[in-house]
Amino acid sequence: MKSITLLQPPKIVFGTGCLSQFAEDYLKLGLKKLFILTAPPIRPLIEPVINTLENNGTDVCIYDKIIQEPTVDDFNHILTTARNFQADSIAGIGGGSVLDVAKLVAVLLESDQQVEDLFGTGLVKSRNRWIACIPTTAGTGSEVSPNAILLNEKDKLKKGIVSPYLVADAVYADPQLTATVPPKITAETGIDALTHCIEAYTNKHVHPVIDLYALEGIRLIASHLLNAVQNGNNMEAREALLLGSLYGGMCLGPVNTAAVHALSYPLGGEFHISHGLANSILLPPVMRFNVSANVEKYAQVALACGVTAGANKLETAEKGVRFIEKLAADCGIPSKLSAIGIPRETIENLAKAGIGVTRLLNNNPREVTYEDAKNIYESLF
């Protein structure tokens, strides 16, 4: 069996109500200047924790202006704010974009590197600041991954940074924080998390250790997503989704994603389509494209989704793709790029940009050519 390296936060706390433990643990560290990154809807949910920290002598600076997927310019502004505050510790409390920015701030706070020079794998020199990640959506799994994504405005493309230094020191995954996420965002982030698990389970670098996380993530998300979309206060569903998302995040470092993510990046970069929505629309056609390259694995994906076995593995795998299509539709996610305002004449540019994301396409179980990418996009009109 080939070797595999898992890089995970040394402390992961999971459970409804565990946010209060973050404050207790932080106060034991002896740190004094905490820079919190979050988003406007989250602030009321964390006020009790902020009060606890401040009442016990912590100087807290809150940046809560992250309202969309951040650009390089956005990040540099936030980094300057953190430096001016002279933060000795960072906490990201929010969705994937918030967590990604928080991890990068922790890395670059005392560094002479520029974030633009870090796109790729293994380019970060060091990290000297403690960081906690506290997810408020069940989607990216960024809280446990060594990855971060930013929109590079120059190339109109989302780009990834992968480094062991992006692994958080502590994670507090509190499903209660996800209860107020609107149905649309619940659906999109849920399919994003499902995509992480499916792509990790089926790509060229699969490993039995990661298969355990990926399959369980698929089971949890496939069986609970619709319930969470229809009733956001269903804590059993929220807990299952957040755990499934966390499992998906654990897959990202050692195995990572593939063509769905590669082809979704241009949609975010060019048209500012959310990461979750882009993945949700692309997942079924890319699965259909890939099935022939890994029928056994895609059949197992289908069974993990809860479908009944077909007459053979190919039929089972195809039933799995149809299940994903129906799940997305039932959750209110459009099935066509044309339905979200993407013009058909942009297909060639999307395909050119998509096949340039070789960091992820190299993981795909089937080679994706320029013509293949065009055909996949074409099928969504």
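Residues numbered from 1 in each chain as written. Predicted model: local features only at pLDDT ≥ 70, side-chain atom pairs only at ≥ 80, totals over all residues. Heavy atoms only, no water.

(A) Representation of the overall build of the chain. Assigned secondary structure in the chain consists of 14 helices and nine strands. Viewed in the frame of its principal axes, the chain has a C-alpha envelope of about 65 × 45 × 45 Å. Within the span of the chain, comprising 381 residues, buried residues form 58% of the whole. Of all intrachain contacts in the chain linking residues separated by at least 6 positions in sequence, the fraction that spans at least 24 positions is 78%. Counting every atom, the chain has about 14,900 Å² of accessible surface; 50% of that belongs to carbon and sulfur. Between the mean site of the 32 positive side-chain charges and the mean site of the 39 negative ones, the chain shows a separation of 3 Å. (Helix = DSSP H or I, 4+ residues; strand = E, 2+ residues; numbered from the N terminus. Buried < 20%, exposed > 50% of the residue type's maximum accessible area, 1.4 Å probe, protein only. Contact = heavy atoms within 4.5 Å. Areas by Shrake-Rupley, 256 points an atom, 1.4 Å probe, with all protein chains shown as cover. Lys, Arg positive; Asp, Glu negative; His and termini not counted. Charge placed at Lys NZ, Arg CZ, Asp CG, Glu CD.)

(B) Seen up close, the sheet that holds strand S4 (residues 89-94). What the six strands build is an open sheet, ordered S1-S9-S6-S4-S2-S3; its pairing is parallel. Each edge of the sheet is formed by a strand with only one pairing partner; in this case those strands are strand S1 (11-14) and strand S3 (59-63). Adjacent strand axes in the sheet meet at a mean angle of 15 degrees, parallel and antiparallel pairs treated alike. In the sheet, S4 pairs with strand S6 (residues 130-135) via six bridges, with the strands oriented parallel. Looking across to S6, one finds that Ser89 is bridged to Trp130. The strands that helix H3 (residues 72-85) touches are strand S2 (33-37) and S3; relative to S2, the one it contacts most, it runs at about 160 degrees. In the packing of helix H7 (residues 235-252) onto the sheet, contacts are made with S1, S6 and strand S9 (170-173), and the angle to S1 comes to roughly 160 degrees. (Pairing = 2+ DSSP bridges. Axes fitted to C-alpha atoms, helices over the stretch in contact; angles between N-to-C directions.)

(C) Looking closely at the pattern of salt bridges. For the structure on display, the rule yields 16 salt bridges. The shortest N-O distance in the salt bridge between Glu371 and Lys374 comes to 4.0 Å. Note that Glu371 and Lys374 are positioned in helix H14 (residues 370-378) at a spacing of three residues, about one turn of the helix. Taken together, the shared-partner salt bridges in this structure form one network comprising Arg43, Glu47 and Asp64. (Salt bridge = Lys/Arg side-chain N within 4 Å of Asp/Glu carboxyl O.)

(D) Structural view of helix H12 (residues 347-354). Residues Ile347, Leu350, Ala351 and Gly354 constitute the buried set of H12. The buried residues of H12 all sit within an arc of 95 degrees when viewed along its axis, so they share a single face. Taken together, the buried residues of H12 touch helix H8 (259-271), helix H13 (358-361) and H14. (Arc of directions from axis to C-beta.)

(E) Up close: the environment of Ile4. Position of Ile4 among the secondary structure elements: in the segment before S1. Classification of Ile4 as partly exposed rests on a relative accessible area of 26%. Considering only alpha carbons, one finds Ile4 and Gly248, 244 residues apart in sequence, at a separation of 16 Å. Discounting residues that sit within four places of it in the chain, Ile4 has contacts with His207, Val209, Ile210, Pro254 and Val255.

(F) Representation of the sheet that holds strand S7 (residues 147-152) in the model. Spatially, three strands are ordered S5-S8-S7 in an open sheet, and the strand pairing comes out mixed. Every other strand in the sheet has two partners, leaving strand S5 (120-121) and S7 as the edge strands with one partner each.

(G) Quick peek at the environment of Glu54. Positionally, Glu54 belongs in helix H2 (residues 43-55). Residue classification places Glu54 among the partly exposed residues on the basis of a relative accessible area of 39%. Along the sequence, Glu54 and Leu34 sit 20 residues apart, while their C-alpha atoms lie 9.9 Å from each other.

(H) Expanded view of a negative patch on the surface. Negative charge collects at one region of the surface, where Asp73, Asp74, Glu116, Asp117 and Glu153 lie side by side. Positionally, Asp117 belongs in the loop between helix H4 (96-108) and S5. (Patch = residues over 30% accessible without salt bridge, like charges linked within 9 Å, V, L, I, M, F, W, Y side chains within 5 Å.)

(I) Examining the packing of aromatic side chains more closely. Under the criterion given, the structure shown has five aromatic pairs. Ring geometry for Phe22 versus Tyr26: centroids 6.1 Å apart, planes at 50 degrees, classification tilted. Here Phe22 and its partner Tyr26 are both found in helix H1 (residues 19-27), four residues apart, which amounts to about one turn of the helix. When sorted by exposure, Phe22 lands in the same class as Tyr26, which is buried. Ring-pair connections join several aromatic residues into one group, and the members of that group are Phe22, Tyr26, Trp130 and Tyr172. Directly above the ring of Phe85 sits Lys33, whose terminal nitrogen or CZ lies 4.2 Å from the centroid. Looking at Lys65, its charged tip hangs above the ring of Tyr63, at a distance of 5.5 Å from the centre. (Phe/Tyr/Trp six-rings, centres within 6.5 Å; stacked < 30°, edge-to-face > 60°. Lys NZ or Arg CZ within 6 Å of the ring centre and 35° of its normal.)

(J) Local environment of H4. With 13 residues, H4 should cover 18 Å at 1.5 Å per step; its first-to-last C-alpha distance of 18 Å lies within 8% of that length. Those residues of H4 that sit buried are Gly96, Val98, Leu99, Asp100, Val101, Ala102, Lys103, Leu104, Val105, Ala106, Val107 and Leu108. Elements that come into contact with the buried residues of H4 comprise S2, H3, S4, S6, S7 and strand S8 (157-162). (Expected span 1.5 Å × (residues − 1).)

(K) Looking closely at the pairing of S6. For S6, the tally of buried residues reaches six of six residues, placing the bulk of the element in the interior. Along S6, one buried face is formed by Trp130, Ala132 and Ile134 and the opposite face, lined by Ile131, Cys133 and Pro135, is buried too. In this sheet, S9 lies alongside S6 in parallel orientation, the contact comprising two bridges. Across the sheet, the residue bridging to Cys133 is Val171, located in S9.

(L) Geometry of the side chain of Ser111. The topology assignment puts Ser111 in the loop between H4 and S5. The buried category is assigned to Ser111, whose relative accessible area is 18%. Among the polar contacts listed, one links the side chain of Ser111 to the backbone nitrogen of Gln113, at a separation of 2.9 Å. (Polar contact = N/O pair within 3.5 Å; in protein donor to acceptor, adjacent residues only side chain to side chain.)

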